[in-house]
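# Architecture and fold: a report
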Amino acid sequence: LVALDKETGKETWRINRQHKIRSYVTPLIREIDGRTQMVLSGSKHILSLNPRDGSQHWVIQGPTEQYVASMVFDGKLLFMAAGYPTYHVMAIRPDGRGDVTESHVAWHETKVACYVPSPVVVNGYLVVAADRGTVNCFAADSGERQWQERLGNHFSASLVTAAGLVYLVADDGRTKVVRPGPKLEVVADNPLGEFCFSSPAIAHNRIYIRGEKHLYCLGK
């Protein structure tokens with residue numbers, strides 16, 4: 001891991017990853033528990049660092065080898081999803097110090113096949129899209145599965161959320177808009193007409209989706 005001064009490009013710190021296993025996670029930086037925490041999963045562990053100097057706040061060992069999906073935070077718990085070679089969704093209490101593998105895992109689910117798409121947490125629910133096309137909704141505080149349904153052919157794009165809704169773009173370009181809750185509620189279902197593997201972006205009341213052949217802007 002390398003940190004650069006954004007004004008000069010000068011390297012400010014560098015640390016070796018403990019297990020040296022490739023992973024693909026974008027770090028999440030938040031003010032949590034009175035500390036600036038840079039949290040990322042990958043390389044056989046989940047890690048919280050001080051982004052200013054690279055010092056470690058806490059670490060959870062495991063639970064698998066490689067990670068792609070970025071973590072999310074609801075103000076109380078951090079959530080991770082990983083899927084190679086084994087599948088995991090995990091909620092973590094972020095107020096620990098040192099090795100918190102045995103003490104700070106709030107809940108842990110292994111029966112969900114999510115590897116690439118990053119999840120979202122909305123209004124007390126964690127929504128996780130599996131690569132294979134199924135979508136899972138969990139109660140964020142307890143990990144209780146609310147529902148699991150097939151909503152696409154396959155998901156590569158990360159989930160995004162706006163106005164309490166979750167947008168899921170499947171690889172075949174079909175977008176499902178879901179309202180998280182104890183029961184599945186699909187409020188819209190729209191085909192792009194072409195394949196899409198990139199995550200949508202939301203800005204200024206518009207949704208931008210890069211398809212295989214076109215860039216789409218949806219809005220007024």
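Our subject is the structure listed above.
Numbers given to residues run from 1 along each chain, matching the order in which its sequence is written. The predicted origin of the model limits local features to residues at a pLDDT of at least 70 and limits the giving and counting of side-chain atom pairs to 80 or more, whereas totals for whole chains, interfaces and linings rest on all residues. Water and hydrogen atoms were dropped before computing side-chain values, which therefore reflect all heavy atoms in the structure.

### Structural notes on the nonpolar core
- Residues Ile46, Trp58, Ile60, Met71, Leu78, Met80 and Ile92 are the most contacted members of the largest nonpolar core, which totals 17 residues.
- Here a helix means four or more residues in a row that DSSP labels H or I, a strand means two or more in a row labelled E, and each is numbered from the N terminus. Ranked by residues supplied to this core, first place goes to strand S8 (residues 78-82) with three residues.
- Every residue in contact with Ile60, bar those within four places of it in the chain, is listed here: His45, Ile46, Ile92, Val100, Thr101 and Val105. Put simply, a nonpolar core is a bunch of buried Ala, Val, Leu, Ile, Met, Phe, Trp, Tyr and Cys residues held in one set by side-chain atoms that sit within 4.5 Å of each other. Classification of residues uses two cut-offs on accessible area relative to the type maximum, computed with a 1.4 Å probe and protein chains only: under 20% is buried, over 50% is exposed, and between them is partly exposed. What makes two residues a contact is simply this: any of their non-hydrogen atoms within 4.5 Å.

### Concerning the side chain of His57
- Along the chain, the position of His57 falls in strand S6 (residues 56-61).
- The class of His57 is buried, set by a relative accessible area of 13%.
- Sequence-distant contacts of His57, that is, excluding residues within four places in its chain, are made with Arg35, Thr36, Gln37, Ser48, Leu49, Asn50, Gly96, Arg97 and Gly98.

### Looking at the sheet that holds strand S22 (residues 215-218)
- Spatially, S20-S21-S22 is the arrangement adopted by the three strands of the open sheet, whose pairing is antiparallel. The sheet is open, and its two borders are formed by strand S20 (201-203) and S22, each paired with just one other strand. For this sheet, the mean inter-axis angle between neighbouring strands, taken without regard to orientation, is 20°.
- Two strands qualify as a pair provided that DSSP identifies no fewer than 2 bridges between them. Where S20 lies against strand S21 (residues 206-210), three bridges are found, and the strand directions are antiparallel. In the sheet register, Ala201 faces S21, and the bridge partner there is Tyr208. Each axis is a line fitted through C-alpha atoms, and for a helix only the stretch in contact is used; angles between axes span 0 to 180 degrees, taken between their N-to-C directions.

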